[in-house]
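Descriptive analysis of the structure
So the chains spell out like this:
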Amino acid sequence: MPELWIRSYARALTVGDSLEIARVEALAADYDAHNPGSSLLDELEAIKTPAAA
């Protein structure tokens, strides 16, 4: 399931869908809270923040 959320998040960033971005971030936070060692929210943040050139 997280793979689908990551794809959905990337699409939402591309089109500027702020509601979908917030929805996936909330899902990721809940997922991380229930899965020790998970860093899905960090992965989403990495997608959102482009790497420095």
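**Examining helix 1 (residues 2-15)**
Between its first and last C-alpha, helix 1 extends 20 Å over 14 residues, near the 20 Å set by a 1.5 Å rise per residue. Along helix 1, the positions that sit buried rather than exposed are Pro2, Trp5, Ser8, Tyr9 and Ala12. The arc enclosing the buried residues of helix 1, seen along the axis, measures out at 115°, which places them on a common side. Of the exposed residues in helix 1, the ones pointing more than 90 degrees away from its buried face are Glu3, Arg11, Thr14 and Val15. Phi for Gly16, located one or two positions after helix 1, is positive at around 75°.

**Looking at the pattern of salt bridges**
Inspection of every chain in the model, using the stated rule, returns two salt bridges. We note a salt bridge from Glu20 to Arg23, for which the minimum N-O separation is 2.9 Å. Of this pair, Glu20 and Arg23 both sit in helix 2 (residues 18-34), separated by three residues, roughly a single helical turn. Across the pair Lys48 and Glu25 runs a salt bridge whose closest N-O atoms are separated by 3.4 Å.

**Some details on the confidence of the model for the protein**
Taken over all residues, the pLDDT of the protein has a mean of 92, while the share at 70 or more is 94%. Within the protein, the lowest mean pLDDT, 93, falls on helix 3 (residues 40-48), and the highest, 97, falls on helix 2.

Basis of the calculations
- As a convention, each chain's residues are numbered from 1 in the sequence order in which they are written.
- Restriction of local features to residues with pLDDT of at least 70 applies here, the model being predicted, together with a cutoff of 80 or more for giving and counting side-chain atom pairs; totals for whole chains, interfaces and linings are based on all residues.
- Excluded from the side-chain calculation are hydrogens and water; included are all heavy atoms of the structure.
- Under the scheme used here, helices are H or I runs from DSSP no shorter than 4 residues and strands are E runs no shorter than 2 residues, and both carry numbers assigned from the N terminus.
- Multiplying one less than the number of residues by 1.5 Å gives the expected span of a helix.
- Three labels apply to residues, based on accessible area from a 1.4 Å probe with only protein chains included: buried if under 20% of the type maximum, exposed if over 50%, partly exposed otherwise in between.
- The directions considered for the arc are those from the helix axis to the C-beta atoms.
- For salt bridges, the criterion is a side-chain nitrogen of Lys or Arg within 4 Å of an Asp or Glu carboxyl oxygen.
- Each residue gets a pLDDT score, which is the predictor's confidence in that residue and runs from 0 to 100.

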